[in-house]
Amino acid sequence: MERQGLMGTLLRVDLTTGRMTEESAEPYRDWVGGIGAASKILYDEVKPGTDAFDPENRLIIACGALSGTPCPGTGRIAAVTKSPVTGGIVSGNSGGGFAPAMRYAGYDYLVFEGAAATPVYLYIKGGRAELRDASFIAGCDVKTANDRLEAVHGRTISTMCIGPAGENRVRFGCITVDRYRVIGKCGFGAVMGSKRLKAIVADGSVGQIPVRDAGAFLAEIDKLYRAIETAPGLQNFLKIGTLCCTPGKYRVGGFSYRHGQDLNISEDMLNKFEGYGLCDKYRVRMTSCAGCMMGCQNRHRITEGPYAGLEMEGTPFNSIFNFGTKLDIDDYAFCIEATWLCNNLGMDMDSVAEILGWVMECTEKGLMTAEELDGLTMAFGRQDTALELIRKIAYRDGAGDVLAEGAARAALVFRPETDYYASYVKKNELFELVRPLVGYGLGALTSTRGGSHVLGSPVCEAGLFNDEERKLAFSKFGVTTFNDPQAYEGKPEIVYYYESLTRACSSVGLCLMACDWQEIHLLDLDGIAALLNAVDGRGVTGKDLQYRMMALLNLEKVFNYTHAGFTRRDDMPRERLFREAVLSGPARGLTLDRDKWNRMMDHYYDLHGWDRESGLPTAETLTYYGLASAIDQIQTG
């Protein structure tokens, strides 16, 4: 099958009628691709007042121009929808092998609308698409569903699948990709569940990705390979994945301990979570996404204790933070088990862990009781009840039905005082810490999808820089506070830089680990533009990409205001962070400074051309980015 134009082929799937149509994605070229094109589709086709679970909502699965090419880090598949968590626009992406398989199967975008009467799955191969009966996998966990799909289609397939949580419309239900990777936050799996779409199956055993200038493309890839192999800050990452983050987080006071009641952990707990030791004990091998040489995913096997026999990929630093320190549990085997359970049942582990920590703290403070939690004693350090509550949430069983709505909504059911201890922004559970890492927190809180460090937060704040790296960082950001974690000055400039870079990655199909978000020597916007030009010859510069990504950010802001009413107040930290000081460690005594934070926010809005009071784009800014038609929406709501 020949792709339709530069942007490739878009498949529309009406799940209500079963009708499928193909069209060129060329009308969305100005939005680059990936989440850019998908966001424009959502903006155009889903009107304010549409509920996230309404059949009129869209679920858009998107590849970028680099997806499935030999470039490192291009195994990412992206999704865009209206979120059942925030009520606004959300994007997410995952590694694995689905993006290459989808493009080899002949499609660059899948746009789902409507809702099937009974569970179905989409099967694509060789430019052909079929909706098939999914009754044989309905209600199954992800592993079982994949086993059964492979029995039908063979082991060459790649899958995007939801578990029971998505089918039960747990608001933070996720999409699990190839068993172990996830499109996690914001409820993509719940939207799939509302459409009775159990899975998407791609057989990419035949097909190819066109490259306009193979010589130039290979030359750019070679540069990236050399940068990855020689970047000093990347070597530990290449050996043990994100488990290498533990020392840096400890150095700045970057651990949530007992649900953030402190941001420091004991040396004994730190040693138990030391990355190389964990790999020596649990790792089977390193794995990678399709076509990538980084191999940043650990495949672990538990050989002893209550979880013996479990083998899985992808227990990253997040798992230590979420199920270890946040719950005051120093058993990495439990972290593996809890991560696996979330992935297999189909829930975002960041949201689940935040809810568990919140429930434990509220129980400790006498604000929740075992009777209200179906007899479960939710105490810090308890592994058994934590795992049981995870299951209850996935199946909306008893108290799990309330908690499946997320902390912001569940707090309305429990005592009003519980809301103070819930950590969320735009109703999305907050994984990120704010007090010890001001820029990281700023990026997460202002993120249009709520609580997301992958759409603008700088990870460089926790890094150590030599003189050469400091010069390189200054040339990119124009400020000197890039690794001063507690400084307020200069952080809006760094977030602005990464808002463009991260969106560009998700628009072309590139992993953040291959760009200078992860390591300052890696790809910047100019490098991404060079790769894009070699692939499809569109002739863009890094500045062109930045302009288009800022246009995308403004589009997201308009959508969020018209659909969810988000303004400046929805970009603000929780009150607790201004009132309560960190108890110990490198960040001891820290609270957020309200005056400094507000001045920083003013500057952040000024950089973007947004109104300080409302946090919304001005008419001049919308016009500049080609969005003049949205001016009336912003002014009238």
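What counts, and at which threshold
Residues numbered from 1 in each chain as written. Predicted model: local features only at pLDDT ≥ 70, side-chain atom pairs only at ≥ 80, totals over all residues. Heavy atoms only, no water. Helix = DSSP H or I, 4+ residues; strand = E, 2+ residues; numbered from the N terminus. Rg over C-alpha atoms; globule rule 2.2 N^0.38 Å. Buried < 20%, exposed > 50% of the residue type's maximum accessible area, 1.4 Å probe, protein only. Contact = heavy atoms within 4.5 Å. Areas by Shrake-Rupley, 256 points an atom, 1.4 Å probe, with all protein chains shown as cover. Lys, Arg positive; Asp, Glu negative; His and termini not counted. Charge placed at Lys NZ, Arg CZ, Asp CG, Glu CD. Axes fitted to C-alpha atoms, helices over the stretch in contact; angles between N-to-C directions. Parallel < 35°, antiparallel > 145°, perpendicular 65-115°, else oblique. Left-handed = near helix turned anticlockwise from the far one by under 90°. Nonpolar A, V, L, I, M, F, W, Y, C, P; charged D, E, K, R; others polar. Core = buried A, V, L, I, M, F, W, Y, C linked by side-chain atoms within 4.5 Å. Phe/Tyr/Trp six-rings, centres within 6.5 Å; stacked < 30°, edge-to-face > 60°. Pairing = 2+ DSSP bridges. Salt bridge = Lys/Arg side-chain N within 4 Å of Asp/Glu carboxyl O. Expected span 1.5 Å × (residues − 1). Arc of directions from axis to C-beta.

Draft legend 1. Here's a closer look at the overall build of the protein chain. Of regular secondary structure, the protein chain possesses 25 helices and 17 strands. Against the 2.2 N^0.38 benchmark of 26 Å for 637 residues, the protein chain shows a C-alpha radius of gyration of 23 Å, consistent with a compact globule. Along the three orthogonal principal directions, the C-alpha set of the protein chain runs to about 60 × 55 × 55 Å. In the protein chain, which comprises 637 residues, the proportion classed as buried is 64%. Pairs at least 24 apart in sequence give 66% of the contacts found in the protein chain among residues at least 6 apart. As displayed, the protein chain has an accessible area near 21,700 Å², and 48% of this comes from carbon and sulfur atoms. The distance from the centre of the 68 positive side-chain charges to the centre of the 81 negative ones in the protein chain is 2 Å.

Draft legend 2. How the structure looks around the packing of helix H17 (residues 438-446) against helix H23 (residues 594-608). Between H17 and H23, whose axes approach to 12 Å, the crossing angle comes to 60°. With respect to H23, the axis of H17 lies oblique. In this structure, H17 meets H23 at a crossing whose hand is right-handed. Each of Val438, Gly441, Leu442, Leu445 and Thr446 in H17 lies in contact with H23, whose residues at this interface are Trp597, Met600, Met601 and Tyr604. Within the contact of H17 with H23, the residues separate by chemical class into seven nonpolar, two polar and no charged.

Draft legend 3. Region of the structure containing the environment of Val46. Within the element layout of this structure, Val46 appears in the loop between helix H1 (34-45) and strand S3 (59-62). Sequence separation between Val46 and Phe559 is 513 residues; the distance between their C-alpha atoms is 9.6 Å. With sequence-adjacent residues up to four places away left out, Val46 is seen in contact with Glu56, Asn57, Arg58, Lys82, Phe559 and His563.

Draft legend 4. Seen up close, the nonpolar core. Of all hydrophobic cores here, the largest spans 100 residues; its most connected members are Phe217, Phe477, Tyr498, Leu510, Ile528, Leu545 and Trp597. Judged by nonpolar contacts, the second largest core, of 77 residues, contains Cys279, Leu376, Ala394 and Leu590.

Draft legend 5. Seen up close, the packing of aromatic side chains. Per the counting criterion, the structure on display carries 22 aromatic pairs. Measuring from centroid to centroid gives 6.0 Å for Tyr121 and Phe136, while their planes differ by 70°, and the two rings are edge-to-face. With Tyr121 in strand S7 (residues 120-125) and Phe136 in the loop between strand S8 (128-133) and helix H3 (142-153), this pair connects stretches of sequence that are 15 residues apart. Classification of Tyr121 by relative accessible area gives buried; the value is 2%. Given a relative accessible area of 27%, Phe136 falls into the partly exposed group.

Draft legend 6. Molecular detail of the pairing of strand S1 (residues 9-14). A large share of S1 lies buried, amounting to six of its six residues. Looking at chain direction, S1 and strand S2 (residues 20-24) are connected through five bridges and run antiparallel. Within S2, the residue paired with Leu11 across the bridge is Glu22. In textbook terms, the turn of a hairpin is the stretch between consecutive antiparallel strands, and for S1 and S2 this stretch comprises five residues, one of which, Gly18, has a positive phi near 80°. With five bridges joining them, S1 and strand S6 (residues 109-113) adopt parallel strand pairing. The residue of S6 that forms the bridge with Val13 is Phe112.

Draft legend 7. Inspection of the pattern of salt bridges at higher detail. Counted according to the given criterion, the structure contains 51 salt bridges. Note that Glu130 is salt-bridged to Arg132, the shortest N-O span being 3.2 Å. Of the residues examined, Arg132 reaches a relative accessible area of 26% and is grouped as partly exposed. What emerges from the salt-bridge pattern is a single network uniting Arg12, Glu23, Glu45, Glu56, Arg58 and Glu113.

Draft legend 8. Broad picture of helix H6 (residues 214-230). An ideal rise of 1.5 Å per residue puts 24 Å on 17 residues; H6 measures up with 24 Å between its terminal C-alpha atoms. Burial in H6 covers these residues: Phe217, Glu220, Ile221, Leu224, Ala227 and Ile228. Angularly, the buried residues of H6 cover 120° about the axis, an arc narrow enough to put them on a single face. H6 presents Leu218 and Thr230 as exposed residues on the side facing more than 90 degrees away from its buried surface. Those residues of H6 hidden inside the fold are in contact with helix H7 (235-240) and helix H20 (525-536).

Draft legend 9. Layout of the sheet that holds strand S13 (residues 283-287). Spatially, the three strands line up as an open sheet ordered S13-S14-S15, and their pairing is antiparallel. This sheet does not close on itself; its edge strands, each paired only once, are S13 and strand S15 (311-313). Strand-to-strand, the axes of this sheet are offset by a mean angle of 15°, without reference to chain direction. As paired strands, S13 and strand S14 (residues 297-301) are joined by four bridges and run antiparallel to one another. Counted as the bridge partner of Arg283 is His300 from S14. Each of S13 and S14 touches helix H10 (residues 275-282); the most contacted strand, S13, lies at about 110° to it. Contacts from helix H12 (residues 332-345) reach S14 and S15, with the element oriented near 70° to S15.

Draft legend 10. Seen up close, the pairing of strand S12 (residues 197-203). With seven of seven residues buried, S12 lies mostly within the body of the structure. With six bridges joining them, S7 and S12 adopt parallel strand pairing. Bridge pairing in S12 places Leu122 opposite Ile200.

None of this, on its own, says anything about what the molecule does.
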